[in-house]
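In case you want the letters, here they are:
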Amino acid sequence: MTLELARRWEERVMRAAHPVAYPLLSAMRGPVRRIPGLGVVVKDAGMLRSTLMDTAGFTKNGPGAPSDLWTPVLGPSVLLNMEGEEHGMLRRKLAPLFAPAFVDALVADSLGDATRALTDALARGERVDLVAHSRRSASAVIARLVGLDEAVVDDELFQRVSAITGFVTLARPRLTPRQLGIARGILADLGSHAARAYAGDESTVPGRMRALGLDEREALGAVGAFVLTGTETIVSYVPRLAAILVDSGWLPRLAADPSLVDAAVAEGLRVTTPSPMMLRSVVEPRSIGGVAVRPGDRVLLGTYWANRALGAFDPASNPGAQLKQLWFGAGAHYCLGAPLAMAQIRMTLGALLANPTVRIVARRPSRGVLIPSYARLELERP
């Protein structure tokens with residue numbers, strides 16, 4: 001078990017997801033370059049952070065930006081496609097839902113039984129598919145978060161939601177009319193459940209959204225955003241972290257020294273970066289690393305490559321600390337759901353740390369997906 005083995009499997013995961021874009025962007029020389037048909041690609045952490053922080057020059061609304069993708073699907077009032085004071089107001093309304101104490105309790109309540117079952121199954125020497133477990137866990141949390149019956153958010157619905165993100169490619173900045181119709185139909189099914197919860201009492205999260213001052217459009221838009229962004233990224237990351245820890249031999253080291261767990265999670269996020277690319281549209285003339293950009297230009301922020309530039313996975317020295325969690329973004333658009341993601345990660349990692357001798361007995365990367373991931377990762381304790 002070596003870091004080289006971990007690196008090779010991570011590369012396989014990335015190549016399976018993006019067989020053309022991944023090698024193209026990996027081979028790109030220099031920190032920033034204009035690529036015809038794509039836009040201006042940035043792979044340097046400092047330049048990337050500066051771009052994210054410059055909301056006067058770069059926006060999530062505009063040609064080639066996230067708004068092109070998500071506004072037709074989710075409407076205009078979701079954090080994914082907002083800027084300025086309206087964005088700040090909606091973020092402040094939603095913030096209490098992502099306070100660490102709230103999400104810790106929500107995750108413990110949603111995943112406690114499933115995590116104990118995972119821990120016990122591994123302890124008995126049973127073979128466990130961590131991808132399937134992660135899908136069920138993410139679905140249970142999202143169901144609780146948006147006021148859905150957990151029976152509604154099953155594997156079939158997960159596949160339907162994944163189909164929406166599967167429509168997206170780096171070269172295609174918006175959905176086709178057919179894809180848009182499918183996406184709206186899927187989210188309408190979820191929205192009908194969330195609308196009933198919104199009209200009910202505050203025992204559900206949509207009900208709490210109403211109490212916090214969100215109107216129904218804002219609440220239902222937030223529900224759709226949670227489902228699209230929260231489910232698939234966590235299902236991507238947890239198995240990839242497990243694979244790195246097992247492949248590198250770090251899992252038993254963490255079990256012996258829990259003080260390194262937080263650094264290991266951060267390092268895992270750095271070297272995998274579940275959302276490997278962020279998009280912005282230029283609204284004012286700027287220069288990024290000597291490359292001039294003009295209003296209407298599309299900027300592709302290669303967070304995966306910027307984060308990986310600091311070297312191999314290393315919780316002991318924790319080089320990612322200097323990046324200030326760049327994998328979650330920066331500034332006004334820093335990921336609001338980060339505490340929820342971290343709570344889910346820690347919960348599942350606890351089951352693995354209780355079984356530090358687990359080995360990987362079968363695995364298969366997902367092919368042609370937006371969020372690089374494993375389709376299967378089977379673990380077994382000898």
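Everything below is about the structure shown above.
Read on for an overview of the structure. In this numbering scheme, every chain counts its residues from 1 along its sequence in written order. Given that the model is predicted, a residue must reach a pLDDT of at least 70 before its local features are reported, and side-chain atom pairs must reach 80 or more before they are shown or counted; all residues, however, enter totals for whole chains, interfaces and linings. Side-chain descriptors were evaluated using all non-hydrogen atoms of the structure, hydrogens and water having been removed beforehand.

A general tendency of soluble globular proteins is for nonpolar side chains to be buried together. Remark: nonpolar core denotes a set of buried residues (Ala, Val, Leu, Ile, Met, Phe, Trp, Tyr, Cys) joined through side-chain atoms within 4.5 Å. The buried label applies to any residue whose accessible area, calculated with a 1.4 Å probe on protein chains only, is under 20% of its type's maximum; exposed applies above 50%, and partly exposed to all values in between. Core analysis: the largest hydrophobic core is formed by 64 residues, its most contacted members being L130, L245, V265, I345, L352 and L377. A run of H or I in DSSP becomes a helix once it reaches four residues, and a run of E becomes a strand once it reaches two; helices and strands are each numbered from the N terminus. Sorting elements by how many residues they give to this core places helix α11 (residues 216-248) first, with ten residues. Only heavy atoms enter the contact rule, under which two residues are in contact if any of them lie within 4.5 Å. Leaving out residues up to four positions away in the same chain, L377 has contacts with V128, D129, L130, V131, P239, A242, A243, I360, A362 and R363. Core analysis: the next-biggest nonpolar cluster, separate from the first, contains 48 residues, V78, V103, F167 and V223 among them.

Our next topic: the packing of helix α9 (residues 177-199) against α11. Following both chains from N to C, one finds α9 and α11 inclined at 130°, their axes separated by 10 Å at the closest point. On the basis of the axis angle, α9 is oblique to α11. At the point where α9 passes α11, the crossing takes the right-handed sense. Where α9 approaches α11, its residues L187, L190, G191, A194, A195 and Y198 are matched on the opposing element by E216, A219, L220, V223, G224, V227 and L228. For this classification, Asp, Glu, Lys and Arg are treated as charged, while Ala, Val, Leu, Ile, Met, Phe, Trp, Tyr, Cys and Pro are nonpolar and the rest, including Gly, are polar. Grouping the amino acids of the contact of α9 with α11 by side-chain chemistry returns ten nonpolar, two polar and one charged. Between N-to-C directions, angles span 0 to 180 degrees; the directions come from axes that are lines fitted to C-alpha atoms, helices contributing only their stretch in contact. Here the word oblique covers every angle except those under 35 degrees (roughly parallel), over 145 (roughly antiparallel) and from 65 to 115 (roughly perpendicular). In a left-handed crossing the near helix is turned counterclockwise from the far helix by less than a right angle, and in a right-handed crossing that turn is clockwise.

A few words now on the layout of surface pockets. Looking at the second largest pocket, its volume works out to about 200 Å³. Points on a 1 Å grid over protein atoms alone make up a cavity when a 1.4 Å probe fits among them but cannot get out, and a pocket when they form an open set with protein on both sides within 12 Å along at least five of seven lines; lining residues each have an atom within 4 Å of a point. Taken together, V73, L74, R184, L187, A188, L190, G191, L220, G221, V223 and G224 make up the lining of the second largest pocket. Those elements that provide at least two residues to the lining of the second largest pocket are α4 (66-74), α9 and α11. Per-element accounting of the lining of the second largest pocket gives the leading share, five residues, to α9. Grid points are joined across faces, edges and corners, and a volume is the space filled by probe spheres set on the points.

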